[in-house]
Amino acid sequence: MIIVPVGALISMSYIKPWSIKFGIPAIFTTAATLVYVSGSCHYSREPPKGSPFTTVFRVICAATSKMFIGTGRLYERVKRSDDDPTLFLAHTNDLRFLDKAATFVPNQHPEKQKRNRWRLCRVTEVEETKLVIRSIGICSFFIICGLVSAIGHTYFISQANHLKRKKFPLLLLPYFCDVSKSDYRNLFFSIKSSSKYHPPIGIGISMILAIICCIVAAKVETKRLHVVARYGLFDKPEAEIPLSITHLIPQFMLLGALDGVFEQSVASFFKKQVPDTMTPYMAWLSEGIRGVGIISSVLSVFVVGKISQSDGKPSWFQDTLNRSRLDRYYMTLAVLVSVNLVFYGLVAFRFKWRDSLEFENPESSRYQETVDEIKYEDPDDLISNLGG
């Protein structure tokens, strides 16, 4: 079976018209989609089981509805037995506004409040929401790696398309990228470490690799433009440039190393820093963050292009690569990643990293008094017991 994709990989590199290069995958993708849809009536279906993200919205909604109520006793379930699989998280003092979601309203019976989960949440649910919100801020620093990754699938390929290849298939460059991605991912995570700092260090290393990748790509592009100038190829975009395509191998391998270390580090970060109930979604979330970076590359090209043509200067992005200045764009990305790395380090230093989620038996905590334990016979007792 491996002969078919390898044969397609090699043969596609010799097809010149882009309409055919895109047309063949489009035909096979359409056929695969039809086969997939035709079997949909035979798939087993399970009823919806709810989403852990609903908890986040419930906590925010409950806290907002009690905006003008002071924080009093907090509600938490009682651990029924040692075999009780229910997750319990210790209360923290961060984001105190969200604690209102677990606060009893003094003038309402607790049993009635307990039945409305959009008005009263457990302390554990509040802490899960805090974990998610704290993670969102630091995740914004991950987007830049996706932005660098995008140039490997666009400009790197365009550069290689007109270099001297001889018998070197063009699609071997993405192959080197994938091999490097797998090798560096396995190399970094072969270091068995349960330290809570392992994922953030990996993310920092991926940013360093992104900086090196951009610098190397800028140097190679500068050399390519010098060859273009020497042979007068500025106005001959389809001409082959007498520079070996092997010059691009280092930047493709660095790009693969960046992707490999980054993806695994982000996945480990989410696994340790978000609630267990959301762990199944974290692989998709990490891919989503990388995707946001790839989409942002379009915006970065537009902004950098507008800035570069200020004062009547020509834009760095022209109709052809031979007239463009991708080397300057790559160096700009290297500077942006460097600045991002500095701010990431400052935020990561103050971030509360967790080895694992802490389980707690609420029977010994300050919020142990729950609606299951308190017997109210008089509304005045309710107010006094809840600190009203």
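Keep in mind the model is a prediction, meaning the values are calculated, not measured.

This part is about the overall build of the chain. For the chain, the count of helices and strands is 13 helices and two strands. Going through the 388 residues of the chain one by one, you find that 43% of them count as buried. In the chain, once contacts between residues fewer than 6 apart in sequence are set aside, the share between residues at least 24 apart is 83%. Approximately 21,600 Å² of the chain is accessible, and the part contributed by carbon and sulfur atoms is 63%.

On to the packing of helix α9 (residues 198-230) against helix α12 (residues 326-350), then. When two helices pack together, their arrangement is given by the angle between the helix axes and by the axis-to-axis distance. Running from amino to carboxyl end, α9 crosses α12 at an angle of 165°, the nearest separation of the two axes being 8 Å. Here α9 is positioned roughly antiparallel relative to α12, judged by the angle of their axes. In this structure, the crossing between α9 and α12 has a hand that is left-handed.

Bringing helix α8 (residues 172-189) into the picture now. A rise of 1.5 Å per residue sets the reference length of α8, with its 18 residues, at 26 Å; its end C-alpha atoms lie 26 Å apart and thus fit the reference within 8%. Within the span of α8, buried status applies to L173, C177, S180 and F188. Within α8, the buried residues cover an arc of 65° as seen down the axis, which keeps them to one side. Lining the buried residues of α8 we find α7 (155-160), α9 and α10 (249-273).

Right, let's get into the pattern of salt bridges. What the rule picks out here adds up to nine salt bridges. Residues E125 and R58 are paired through a salt bridge, measuring 2.7 Å at the closest nitrogen-oxygen approach. Of this pair, E125 sits in helix α5 (residues 123-139) while R58 sits in helix α3 (residues 53-65); the two residues are 67 residues apart in sequence, bridging distant segments of the chain. We classify E125 as buried; its relative accessible area is 9%. Residue class for R58 comes out buried when judged on its relative accessible area of 5%. As a salt-bridge pair, D327 and R325 come within 2.8 Å of each other at their nearest N and O atoms.

If you look at the biggest cluster of nonpolar residues, it comprises 63 residues, and the most contacted ones within it are I138, F142, L173, F269, Y329 and Y330. With 12 residues, the top contributor of residues to this core is α9. Those residues in contact with L173, other than ones at most four positions away along the chain, are A160, F168, I245, L248, I249 and F252. V59, A62, A102 and V126 belong to the second largest nonpolar core, which has 10 residues in total.

As a further point, take α3. Over its 13 residues, α3 runs 19 Å from end to end, which matches the ideal 18 Å to within 8%, given 1.5 Å per residue. Those residues of α3 that are buried lie in contact with α5.

Mapped onto the secondary structure, S324 falls in the loop between α11 (279-308) and α12. Taking relative accessible area as the criterion, S324 reaches 3% and is therefore assigned buried. There is a polar contact of 2.9 Å between the side chain of S324 and the backbone nitrogen of Q318. At 2.8 Å, the side chain of S324 and the backbone oxygen of T320 are in polar contact.

A few words now on the packing of aromatic side chains. One pass over the full model with this rule turns up 11 aromatic pairs. Plain terms: the ring middles of F156 and Y330 are 5.7 Å apart, the flat faces sit at 85° to each other, and that makes the pair edge-to-face. Of this pair, F156 sits in helix α7 while Y330 sits in helix α12, and the two are 174 residues apart along the sequence. As far as the burial class goes, F156 and Y330 line up, both buried. Taking the centre distance of 6.2 Å and the plane angle of 55° together, the rings of Y175 and F176 count as tilted. We classify Y175 as partly exposed; its relative accessible area is 46%. Owing to a relative accessible area of 26%, F176 belongs among the partly exposed residues under this scheme. Aromatic rings pair up to connect Y155, F156, F252, F317, Y329 and Y330 into one cluster.

What follows deals with a nonpolar patch on the surface. Residues V335, V339, V342, F343 and L346 make up a contiguous nonpolar surface patch of roughly 470 Å² in combined accessible area. With respect to the secondary-structure elements, F343 resides in helix α12.

On to the confidence of the model for the chain. Across the chain, the average pLDDT comes to 77, with 80% of residues at or above 70. Low pLDDT, under 50, characterises residues 357-388; the predicted model gives this stretch 73 contacts beyond four residues in sequence or across chains.

Side chains I241 and L243 project from strand β2 (residues 241-244) onto a buried face, and the interleaved P242 and S244 project onto a face without burial. Looking at chain direction, strand β1 (residues 163-164) and β2 are connected through two bridges and run parallel. Paired with K164 across the two strands is S244, which belongs to β2.

How each quantity is defined
Residues numbered from 1 in each chain as written. Predicted model: local features only at pLDDT ≥ 70, side-chain atom pairs only at ≥ 80, totals over all residues. Heavy atoms only, no water. Helix = DSSP H or I, 4+ residues; strand = E, 2+ residues; numbered from the N terminus. Buried < 20%, exposed > 50% of the residue type's maximum accessible area, 1.4 Å probe, protein only. Contact = heavy atoms within 4.5 Å. Areas by Shrake-Rupley, 256 points an atom, 1.4 Å probe, with all protein chains shown as cover. Axes fitted to C-alpha atoms, helices over the stretch in contact; angles between N-to-C directions. Parallel < 35°, antiparallel > 145°, perpendicular 65-115°, else oblique. Left-handed = near helix turned anticlockwise from the far one by under 90°. Expected span 1.5 Å × (residues − 1). Arc of directions from axis to C-beta. Salt bridge = Lys/Arg side-chain N within 4 Å of Asp/Glu carboxyl O. Core = buried A, V, L, I, M, F, W, Y, C linked by side-chain atoms within 4.5 Å. Polar contact = N/O pair within 3.5 Å; in protein donor to acceptor, adjacent residues only side chain to side chain. Phe/Tyr/Trp six-rings, centres within 6.5 Å; stacked < 30°, edge-to-face > 60°. Patch = residues over 30% accessible without salt bridge, like charges linked within 9 Å, V, L, I, M, F, W, Y side chains within 5 Å. pLDDT = per-residue confidence, 0-100. Pairing = 2+ DSSP bridges.

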